[in-house]
Amino acid sequence: MATRRLVLYGRSSSLNTQRVLWCLHETGVPFDLRLTSATLGESGRLGGTAFGGTEDPGFVRCSPFGQIPALSDSATGAQLWESASIIRYLAAVYKPSLLGPAVPAYRPQEAGYRLGQGG
């Protein structure tokens, strides 16, 4: 099976990872979620699910500070960390309509949604 071009490193119990998952759902782009937790460590478990992945070379390249979420896009070579940066990238590359009209008056509202603050 071919590797998907988007790999998201994180855990679904993380609010910041949830923001990126929401954006990925909105774009409709297929992705792989690699369960990774910087706080649970290599042998961490949450609800019976094993986490870790902080030693994975792909994660280390994407997240130099070892934080989740992180994203790798093999189609463009992008390697990103920090949920707002990832969301902005995904919208700009895969579904620009998520950013709203290219009208300066709408940009503050777009930024509020991107940062999870509502509108």
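Data block above holds the structure.
Residues numbered from 1 in each chain as written. Predicted model: local features only at pLDDT ≥ 70, side-chain atom pairs only at ≥ 80, totals over all residues. Heavy atoms only, no water.

Participant: Would you mind going over the side chain of aspartate 73 in detail, with residue names and values included?
Facilitator: Mapped onto the secondary structure, aspartate 73 falls in strand β5 (residues 70-73). Buried aspartate 73, no salt bridge; nearest opposite-charge side chain is arginine 5, N-O distance 4.7 Å. Of the polar contacts made by the side chain of aspartate 73, one reaches the backbone nitrogen of alanine 75; its length is 2.9 Å. Other than its neighbours up to four places away in sequence, aspartate 73 contacts Arg5, Leu6, Ala78, Tyr89 and Tyr94. (Helix = DSSP H or I, 4+ residues; strand = E, 2+ residues; numbered from the N terminus. Buried < 20%, exposed > 50% of the residue type's maximum accessible area, 1.4 Å probe, protein only. Lys, Arg positive; Asp, Glu negative; His and termini not counted. Salt bridge = Lys/Arg side-chain N within 4 Å of Asp/Glu carboxyl O. Polar contact = N/O pair within 3.5 Å; in protein donor to acceptor, adjacent residues only side chain to side chain. Contact = heavy atoms within 4.5 Å.)

Participant: Describe in detail the environment of asparagine 16, supporting the description with residues and values.
Facilitator: Structurally, the position occupied by asparagine 16 is in helix α1 (residues 15-27). Look at asparagine 16 and you get partly exposed, because its relative accessible area is 31%. What asparagine 16 contacts, discounting residues up to four positions off in sequence, is Pro69 and Ser83.

Participant: Provide a residue-level description of unusual backbone geometry, including the pertinent values.
Facilitator: A cis amide bond links isoleucine 68 to the next residue, proline 69, at an omega of 0 degrees. Looking at where proline 69 falls in the secondary structure, it is placed in the loop between α2 (57-62) and β5. Positive phi is not limited to glycine here, since glutamate 82 has a value of about 80 degrees. As for its position among the elements, glutamate 82 is in the loop between β6 (78-81) and α3 (83-94). In this structure glutamate 82 comes out as partly exposed when scored by relative accessible area, which is 39%.

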